[in-house]
Every structure is written in structure tokens, then in C-alpha cells.
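Each chain, written out:
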Amino acid sequence: MKFGQPPKKQWYSSAELDKKYNVLNRRLNRLMILDHIWTQLVGNKAKFWGLKAVQGGTLYVQVKISVAKNELIARRQQLMAELNKHFDEPWIKKIEIQ
């Protein structure tokens, strides 16, 4: 758009914007919910278990010390079940430890 020209599309309601950005909005909301639930579930262990990424149903977690890694391996299934309760459909299918 050049200076002085009217915009190509004018929006008349927020619903029109919602249609265009709904997919991105859903992804961001799921990530924000995941981050919040993760910190609630793991409590003070969050300083040893850092969320890195979610890709294709796999949650990547960075572990800072080996003792915390062993505990995460033991709690992996329980954490996946607890995390998936908060989403419409099961999202986390696997937890990968780095």
C-alpha cells in the first residue's frame, strides 16, 4: 500500500479479524495453557525441567541434572495424562527428554 491510498480491505467487526487469525490464536492459546499447567504440575521442579518445544504431539523437555531426568522418566506417563486433560483432544502423545 502506498502512502495516501485507502487500505484494500476494511474491517467492520472483530469477528472478521477472528476468522483470519483463528488458527494462530488457537496455537498460542494452547502453548500458554501448556506452560501454565506445566508449572502447576511440576511445581518447584520447573527450574530443572524446562519446556523447549512441542512438535507433532511430542513435548520436548530440557533437563538440567541427571537426578531430575530419572524422576521425569518415572513420571512421564502421569504428566502426559494430566496435561491432556486440559485440551479438547489429546495433544501430547510423547515426552522427549533432552
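Note: the structure precedes this text.
Predicted model, so just to flag it, every value in this text is computed and none were measured. (Residues numbered from 1 in each chain as written. Predicted model: local features only at pLDDT ≥ 70, side-chain atom pairs only at ≥ 80, totals over all residues. Heavy atoms only, no water.)

The next subject is the layout of surface pockets. One number sums up the size of the largest pocket: a volume of about 180 Å³. Around the largest pocket, the lining residues are R26, N29, R30, I33, H86, F87, D88, E89 and W91. By volume, the second largest pocket is sized at about 150 Å³. Broken down by class, the residue content of the lining of the second largest pocket amounts to 3 nonpolar, no polar and 3 charged. (1 Å grid on protein atoms, 1.4 Å probe; cavity = no way out; pocket = protein on both sides within 12 Å on 5 of 7 lines; lining within 4 Å. Points joined across faces, edges and corners; volume = space filled by probe spheres on them. Nonpolar A, V, L, I, M, F, W, Y, C, P; charged D, E, K, R; others polar.)

Within the largest apolar cluster, 18 residues are counted, with the highest numbers of intra-cluster contacts made by W38, W49, L59, V61 and L72. Secondary-structure elements contributing two or more residues to this core are α1 (14-42), β2 (58-63), α2 (66-84) and β3 (94-97). Among the elements that make up this core, the one with the highest residue count is α2 (5 residues). Discounting chain neighbours no more than four positions away, the residues touching W38 are W49, L51, L59, V61, L72, L79 and L83. (Core = buried A, V, L, I, M, F, W, Y, C linked by side-chain atoms within 4.5 Å. Buried < 20%, exposed > 50% of the residue type's maximum accessible area, 1.4 Å probe, protein only. Helix = DSSP H or I, 4+ residues; strand = E, 2+ residues; numbered from the N terminus. Contact = heavy atoms within 4.5 Å.)

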